[in-house]
Amino acid sequence: MANRGHFSSKFGFIAAAAGSAVGLGNIWKFPFEVGQGGGALFLIIYLIFCFVLCYPILITEISIGRKSEKSAAVAFDQLGYKKWTFLGKLGVLCGVMILSFYNVVAGWVFGYFVEIVKGNFDIGNEFGAFTTNIWRTGIYSIAFLVFTTIIVSQGITKGIEKASKILMPVLIGIILLLVFYAFTLPNSGAGVEYYLVPDFSKLSLQVVYKALGQSFFSLSLGLGALITYGSYLERHENIVFSGALITLADVGIAFLAGLMIFPFVFYQGIDPEGGAALIFQTMPGIFESMGSFWGIFIGGLFFLLLSFAALTSTISLLELPVAYFVDQKKWKRKRAVWVSGLIIFLLGVPSLLGNGYSAFFTEFITYFGTDSPRDYMTFIGDVFIDTLLPLGGFLTAIFAIHVWKKGNLVSELSDGADNFAGSWLNTYIIFSLKYIAPVILGAIFIFTVLEKFFSISIL
Ligand code: PHE
């Protein structure tokens, strides 16, 4: 299609999509969710969801994007199903709300980079003081959003692809290095055991839906981010194979992040259930133990690369509303980028205030029948990640099988994957979309909404 940016190579697409997937979700959120979800059990459920459910939905999203050559909000209309545009628009809304808080956490990461480079390893014990200093964290998060906006305003190949291609491989290198270091520390075995040996008595609906939300979030699924990236993909690229690589890269990095963090957590005697603070409390002390030169060097690099990983994700989140304005409202890219950026910043202010600074946003909401109030950021995660992303995946599966029809999906997936049609993988993908996704996602959605927001437990 004329005037539409395209990824210039297969690797470019994979790097950008994997860049979207790999981010704070893998290295900040995944470990603390594992910690709160009881360790290895969470890991196992997460892995099952990623491969059994998410991978089929992931390649479906990419196919919808490539076929329609339109971003999430417009794709369904373009394929001829106007009634389904609500799904794309819901995705854009999720993208905006997720980015509004994601960007705040990215600001913290960037702030930690600055502190570590200054040699301030004590910052690990000062997380609370750090997040309540909202002027400082505010500036960091504005800076972060400005970086994102600048890259997204450059368009597809120049900005997004280039940044991802360079940064992703370096990040994997440094995490591997830290995993090796983790194994040399005393008591690291206890961390590995916690992470890899499941305790089935911890099984609960909460663990299941948290793992589900995490698998969608981590793979950037359920909100059309990959429809949008797919729309920039050339025909004849192998979606089935690229999708598998993206899934493996994302899951692999999350797995490594856990393998790195838990030995560190147990070595330092930190509570693995510490929540969102976990990596911020854990990592500075580890860098300190490397001595000041290596600590500053490796620690600085770690937080810098984590900032970049976050950046390749914020880019894809910002691309959602931007592509909506460009494709649907025919705005110029630059205007779309800056307007979206401003809205997202404003929507992020409560997240900035809700980590100790303002009592109102820190104790923002108490769900029906519970007694502990949740902060604003947790609330946004509960609604937009744990509830709406799986719902988006559910609707995408229904759309693909019953509306678009499996013949169209399979023919799109086969374009570039010669032996796909009729293969066992084909049978499996369709089975998953047709039966597993609606049943599992539908059931978990209903149980979760009832239990989480209304304290009605059925299971
Ligand atoms: N997958 C990203 C991460 O793990 C977050 C993200 C979610 C990005 C949804 C785009 C869309 O950090």
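Please refer to the structure placed before this passage.
Note that this is a predicted model, so its numbers are computed, not measured.

Chemist: Break down empty space enclosed by the protein for me, citing the residues and quoting the values.
Modeler: One pass over the full model with this rule turns up 5 cavities of 30 Å³ or more. Considering the residues around the largest cavity, the lining is formed by 15 residues, among which Ser20, Tyr102, Phe217, Ser220 and Leu317 are closest to the centre. If you list the elements that add at least two residues to the lining of the largest cavity, you get helix H1 (10–21), helix H5 (85–117), helix H10 (205–218) and helix H14 (292–327). Considered class by class, the residues forming the lining of the largest cavity number 9 nonpolar, 6 polar and no charged. The volume enclosed by the second largest cavity comes to roughly 60 Å³. What lines the second largest cavity is Glu61, Ala72, Phe76, Leu87, Gly88, Gly91, Gly222, Leu223, Gly224, Ile227, Gly392 and Thr396.

Chemist: Report on the site of the ligand, specifying residues and quantitative values.
Modeler: Around the ligand there are 14 residues in total, and Ala21, Gly25, Tyr102, Phe217 and Ser220 lie nearest to it. Within the backbone of leucine 24, an N or O atom sits 3.1 Å from an oxygen atom of the ligand. The fraction of the free accessible surface of the ligand (320 Å²) that becomes covered by protein chains is 100%. For the ligand, the cavity whose grid points lie within 2 Å of the majority of its atoms is the largest cavity. Counting residues per element, the ones that place at least two in the shell around the ligand are H1, helix H2 (24–36), H10 and H14. In terms of residue class, the shell around the ligand is made up of 6 nonpolar, 8 polar and no charged.

Chemist: Could you give an account of the pattern of salt bridges, naming the residues involved and the relevant values?
Modeler: Applying the stated rule across the entire model yields 12 salt bridges. Ionic pairing is found between arginine 66 and glutamate 412, a salt bridge with its closest N-O pair at 2.7 Å. Of this pair, arginine 66 sits in helix H3 (residues 40–68) while glutamate 412 sits in helix H17 (residues 376–414); the two residues are 346 residues apart in sequence, bridging distant segments of the chain. With respect to burial, arginine 66 and glutamate 412 carry one shared label: buried.

Chemist: A description of the side chain of serine 351 should follow, citing residues and the corresponding values.
Modeler: Secondary-structure assignment places serine 351 in helix H15 (residues 333–353). Overall, serine 351 belongs to the buried group, its relative accessible area being 1%. In this view, serine 351 contacts Phe101, Val104, Tyr376 and Met377; residues no more than four positions away in its chain are not counted.

Chemist: Tell me about the packing of helix H9 (residues 188–196) against helix H12 (residues 239–268), and name the residues and values.
Modeler: It is the contact of H9 with H12, at a shortest axis distance of 7 Å, that shows an interaxial angle of 135°. Regarding the angle of H9 to H12, the classification is oblique. Our pair here, H9 against H12, has a crossing hand that is right-handed. From H9, Ser188, Ala190, Gly191, Val192, Tyr194, Tyr195 and Leu196 reach across to H12, where they touch Ala254, Phe255, Gly258, Leu259, Phe262, Pro263 and Phe266. Of the residues in the contact of H9 with H12, the class split is 11 nonpolar, 3 polar and no charged.

Criteria and cut-off values
Residues numbered from 1 in each chain as written. Predicted model: local features only at pLDDT ≥ 70, side-chain atom pairs only at ≥ 80, totals over all residues. Heavy atoms only, no water. 1 Å grid on protein atoms, 1.4 Å probe; cavity = no way out; pocket = protein on both sides within 12 Å on 5 of 7 lines; lining within 4 Å. Points joined across faces, edges and corners; volume = space filled by probe spheres on them. Helix = DSSP H or I, 4+ residues; strand = E, 2+ residues; numbered from the N terminus. Nonpolar A, V, L, I, M, F, W, Y, C, P; charged D, E, K, R; others polar. Near = heavy atom within 4 Å. Polar contact = N/O pair within 3.5 Å; in protein donor to acceptor, adjacent residues only side chain to side chain. Areas by Shrake-Rupley, 256 points an atom, 1.4 Å probe, with all protein chains shown as cover. Sits in = over half its atoms within 2 Å of the grid points. Salt bridge = Lys/Arg side-chain N within 4 Å of Asp/Glu carboxyl O. Buried < 20%, exposed > 50% of the residue type's maximum accessible area, 1.4 Å probe, protein only. Contact = heavy atoms within 4.5 Å. Axes fitted to C-alpha atoms, helices over the stretch in contact; angles between N-to-C directions. Parallel < 35°, antiparallel > 145°, perpendicular 65-115°, else oblique. Left-handed = near helix turned anticlockwise from the far one by under 90°.

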